[in-house]
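If you want the building blocks of each chain, they are given just below.
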Amino acid sequence: MQQSKNPTAHLYTVPVRAPCRGRGVLWTQWGATLPKPLVRSAGKDTRFASALSSEANLSLPERRRTAIAIFHMPVQIIKRSKAKSAVGAAAYRSGTKMTNEWDGLTHDYTRKHGVVHSEIVLPPHAPPEFQDRRTLWNSVEMVEKTRDAQLAREIEISLPVELNREEQQRLARSFISDTFVAAGMCADFSIHDKKDGNPHFHVMLTIRPLKENGQWGAKCRKVYELDKNGQRIPNGKGGWKSHREDTTDWNDKGNVERWRAAWAFYANRALEAAGRPERIDHRSYERQGIDKIPSIHLGVAASQMERKGIATERGNINRQIAADNKLLKEIKARITRLYKWTKEQAGKPEGKDSIMAQLYEAQLSEGKPGSRYGKIKNLKESAVLFNFLNGNHITSMEQLYEKVAAMNKDYYSLRGKIVTAERRIKVLDEHLSMWEKYERNKGTRRQFDKMKPGRKKEQFEQKHSAELALYEAAVRYLENLKVTGEEITPKKWQAEAERLKAEKSVQYQKMKSMREDIKAVENLKKTAEQLARTENEPARKKEEQEL
């Protein structure tokens with residue numbers, strides 16, 4: 001077992017619907033945005049990070065920087081056919097130097113940064129010497145004789161930033177032990193944390209099963225095909241028909257989904273035990289139906305018209321949804337940056353003169369514009385700033401931080417209401433669309449049903465095939481609604497949709513009105529940064545003169 005010399009927990013901020021920068025679960029910027037987990041791909045397995053409750057409850061007190069639990073779990077096979085080796089992969093993940101006995105190549109990653117913990121977990125019947133990483137993976141390499149052998153399975157998993165290092169290690173170990181080692185696999189995992197907002201661990205798993213005597217077993221076996229009498233079937237070439245079957249179910253296609261669900265369960269249990277409100281979900285955004293406000297389906301006719309440059313009602317709806325999403329993203333980016341800044345500033349001691357007073361005075365004299373337009377603009381900005389500070393009774397950075405935290409909380413409350421309303425509106429619009437298809441085409445269907453079998457009925461069916469198909473689709477849809485217990489009430493659907501749209505419009509106006517307060521705080525931030533540069537200028541010039 002190898003462990004980092006510096007077990008200090010890495011603290012960082014993330015995103016999934018929140019901010020980050022880096023790779024994986026990282027620090028990124030959406031223009032001016034803070035953390036949004038970036039998505040990486042391993043082979044063809046590209047996963048999107050996602051978060052459930054408390055999207056970015058930045059207003060909650062935390063032990064670390066504000067963060068969001070995210071989900072990232074790509075799976076890949078390490079193959080010789082891709083010029084990869086199990087020894088090389090293990091050396092890289094653990095930050096060690098190892099020589100591959102199969103090809104004689106030495107892999108030295110001792111200068112690799114960010115490996116904070118490495119550990120091997122074995123099933124009870126595994127040889128004790130497999131606790132040595134070199135012995136384990138060289139044994140895997142030597143038992144595989146072909147140049148296209150599959151050597152190991154690797155899974156990369158993002159760790160919740162809300163947990164400290166000890167909690168992260170315990171979480172990773174319990175998940176690996178119960179999910180993989182209990183099934184008979186040998187597991188080698190390393191936790192990486194470069195302090196870039198992306199703590200994660202790599203777990204390498206053996207593919208070949210171990211026998212009870214500690215020897216490697218076969219990956220697959222030959223199975224003869226039998227006839228109804230249980231006799232082997234000749235293949236016409238002097239032998240018998242047969243096929244290969246895996247000796248384990250580790251390659252089952254459904255395993256990845258089960259493993260992802262298991263990780264979500266273990267991670268959420270650990271978050272709950274740590275008293276954290278965040279939760280992760282292994283499903284993609286598409287499956288969850290979260291994150292962005294969903295657009296509506298255009299349909300064939302509307303799509304054709306839009307491609308020709310002709311605006312349609314449904315196209316206009318999607319354009320408005322895109323604009324709404326842009327607004328939500330913009331507000332989130334700006335307010336998250338301000339939250340982080342005010343939190344940092346609130347933790348600093350204030351001097352003799354209140355820092356808020358200093359910033360206000362500096363803002364009044366900022367730029368000293370000479371033009372009439374510049375003076376008027378400066379006066380207006382100062383008036384807005386004064387009204388903001390006075391109206392919110394803000395005289396200290398601590399009070400400003402509390403105000404921004406409240407704004408942040410209001411943002412997520414409004415966003416939640418808007419997204420919930422949009423989802424319901426989308427459902428209602430689909431209900432109403434199907435009802436409209438039913439009503440419009442039911443006359444054609446009744447006419448068709450009254451006709452006697454014969455050539456005329458066949459000709460009618462061919463001529464009105466589209467209408468009849470739409471009617472059938474609408475009937476199936478409405479019948480399914482009845483099965484789920486929902487009543488067919490078009491008038492109520494319409495009334496509810498109109499009410500929700502009106503409420504959403506009000507909520508968007510509230511969201512837009514936040515921009516003025518955000519701009520006032522941004523002006524304070526800008527002034528504070530300029531003030532800091534001004535104060536540091538004499539010291540910098542003195543250092544230059546001394547040099």
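These notes cover the structure that comes with them. (Residues numbered from 1 in each chain as written. Predicted model: local features only at pLDDT ≥ 70, side-chain atom pairs only at ≥ 80, totals over all residues. Heavy atoms only, no water.)

1. Details of the side chain of Ser190
Reasoning step 1: When you line up the elements, Ser190 lands in strand E9 (residues 187–192).
Reasoning step 2: The buried category is assigned to Ser190, whose relative accessible area is 1%.
Reasoning step 3: Among the polar contacts made by the side chain of Ser190, one reaches the main-chain carbonyl oxygen of Arg93 at a distance of 3.3 Å.
Reasoning step 4: The contacts of Ser190, once residues within four sequence positions are left out, are Arg93, Ser94, His117, Ser118, His200, Phe201 and His202. (Helix = DSSP H or I, 4+ residues; strand = E, 2+ residues; numbered from the N terminus. Buried < 20%, exposed > 50% of the residue type's maximum accessible area, 1.4 Å probe, protein only. Polar contact = N/O pair within 3.5 Å; in protein donor to acceptor, adjacent residues only side chain to side chain. Contact = heavy atoms within 4.5 Å.)

2. Examining helix H2 (residues 133–143)
Reasoning step 1: Restricting attention to buried positions, one finds in H2 the residues Arg133, Leu136, Trp137, Asn138, Ser139, Val140 and Glu141.
Reasoning step 2: Of the residues flanking the start of H2, the one acting as N-cap is Asp132, its side-chain oxygen 3.2 Å from the backbone nitrogen of Arg134.

3. Points about the pattern of salt bridges
Reasoning step 1: One pass over the structure, following the stated rule, counts 20 salt bridges.
Reasoning step 2: Two residues, Arg80 and Glu141, come together in a salt bridge whose shortest N-O distance is 3.0 Å. Taken together, the residues span a long stretch of sequence, with Arg80 in the loop between strand E4 (75–79) and helix H1 (86–94) and Glu141 in helix H2 at a distance of 61 residues. Both residues of the pair, Arg80 and Glu141, count as buried.
Reasoning step 3: Salt bridges linked by common partners bring Glu144, Arg208 and Lys219 together as one network. (Salt bridge = Lys/Arg side-chain N within 4 Å of Asp/Glu carboxyl O.)

4. Quick notes on the side chain of Arg153
Reasoning step 1: By secondary structure assignment, the location of Arg153 is in strand E8 (residues 150–158).
Reasoning step 2: With no salt bridge to any partner, buried Arg153 finds its closest opposite charge in Asp246, at an N-O distance of 7.7 Å.
Reasoning step 3: A distance of 2.5 Å separates a polar atom in the side chain of Arg153 from a polar atom in the side chain of Asn251.
Reasoning step 4: In this structure Arg153 touches Val75, Gln76, Ile77, Val203, Met204, Leu205, Ile207, Trp250, Asn251 and Trp259, once residues within four positions along its chain are discounted. (Lys, Arg positive; Asp, Glu negative; His and termini not counted.)

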